[in-house]
Amino acid sequence: MSPDRKEIERKFLVTGEGWRKRSTSRTDIEQGYLARGRKSTIRIRIKDGKHATLTVKSRENGISRQEFEYRISLKDAKAMMVLCGSSRLDKQRFTVPQGKLVWEIDVFGGRHEGLIVAEVELQTEAEALKLPTWIGEEVTDDPRYRNSSLVGEA
């Protein structure tokens, strides 16, 4: 994320398997939402059952959003995750380097089994992006593919 707390990210559906042989890491993620308002979301994320973060993210349309992320104790994260109720999801995140960029591939489980979404963070909104062959439709501006939407109603 850039120093000014802006995340510039584009999101795509994944249509092929070519990314799998290029993946360099895998992380299991449990994610829950404490709040999902019109202007922002507050989420808890636990990675590999070991590391936890609390994140406040704005909900503007487009590829730029404000994001504030803080490490928290695993004990606190687990307690807050209970407060999320059914506003939770599980996914596996794979990283795929391509040139100077790193794609993050999220493979969803549970009721979203089969959904695979790729995200890439950019330095500027105008940065040129060469799409890999396994990239499908861009869904950056489609709110249905935001993680906060995938968890459904609280």
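Just so we're clear, the structure is a prediction, and the values are computed from it rather than from any experiment. (Residues numbered from 1 in each chain as written. Predicted model: local features only at pLDDT ≥ 70, side-chain atom pairs only at ≥ 80, totals over all residues. Heavy atoms only, no water.)

Student: So what exactly am I meant to see when it comes to the overall build of the protein here?
Tutor: Along the backbone of the protein there are two helices and nine strands. Mapped in sequence order, the helices and strands of the protein form the string β-β-β-β-β-α-β-β-β-β-α. Taken against the 2.2 N^0.38 rule, which gives 15 Å for 154 residues, the C-alpha radius of gyration of the protein at 15 Å falls within 12% of a compact globule. Split into buried and exposed, the 154 residues of the protein put 43% on the buried side. Of the roughly 8700 Å² of accessible surface on the protein, 50% is carried by carbon and sulfur atoms. In the protein, 29 positive and 24 negative side-chain charges are present, and the distance between their average locations comes to 2 Å. (Helix = DSSP H or I, 4+ residues; strand = E, 2+ residues; numbered from the N terminus. Rg over C-alpha atoms; globule rule 2.2 N^0.38 Å. Buried < 20%, exposed > 50% of the residue type's maximum accessible area, 1.4 Å probe, protein only. Areas by Shrake-Rupley, 256 points an atom, 1.4 Å probe, with all protein chains shown as cover. Lys, Arg positive; Asp, Glu negative; His and termini not counted. Charge placed at Lys NZ, Arg CZ, Asp CG, Glu CD.)

Student: Help me out: how do you make sense of the packing of aromatic side chains in this one?
Tutor: Ring pairs (aromatic) are described by centroid distance and by the angle formed between their planes. Considering all chains together, one arrives at three aromatic pairs under this definition. A ring pair is formed by Phe-12 and Trp-103, whose centres lie 5.7 Å apart and whose planes are at 55 degrees; its orientation type is tilted. Placement of the pair is Phe-12 in strand β1 (residues 6-14) and Trp-103 in strand β7 (residues 101-108), with a sequence separation of 91 residues. Since its relative accessible area comes to 1%, Phe-12 is described here as buried. For Trp-103, a relative accessible area of 0% puts it in the buried group. Put simply, the rings of Phe-12, Trp-103 and Trp-134 touch in pairs and so form one group of aromatic residues. (Phe/Tyr/Trp six-rings, centres within 6.5 Å; stacked < 30°, edge-to-face > 60°.)

Student: Hey, could you run me through the side chain of Thr-140 in this one?
Tutor: Tracing the backbone through its elements, the reader meets Thr-140 in the loop between β9 (135-138) and α2 (147-150). The buried category is assigned to Thr-140, whose relative accessible area is 8%. Within the structure, the side chain of Thr-140 is placed 2.8 Å from the backbone nitrogen of Lys-11, a separation counted as a polar contact. A polar contact of 2.8 Å, which involves the side chain of Thr-140, links it to the side chain of Glu-138. For Thr-140, the contacting residues outside a window of four places in its chain are Glu-9, Arg-10, Lys-11, Gly-62, Ile-63 and Arg-65. (Polar contact = N/O pair within 3.5 Å; in protein donor to acceptor, adjacent residues only side chain to side chain. Contact = heavy atoms within 4.5 Å.)

Student: How do you make sense of the pattern of salt bridges when you look at a structure like this?
Tutor: Oppositely charged side chains are able to pair whenever their charged atoms sit close together. Per the stated rule, a full pass over the model turns up 13 salt bridges. One salt bridge in this structure joins Arg-26 and Asp-28, with 2.9 Å as the shortest N-O distance. Using a relative accessible area of 46% as the deciding quantity, one classes Arg-26 as partly exposed. For Arg-93, the salt bridge identified is with Glu-119, shortest N-O distance 3.7 Å. (Salt bridge = Lys/Arg side-chain N within 4 Å of Asp/Glu carboxyl O.)

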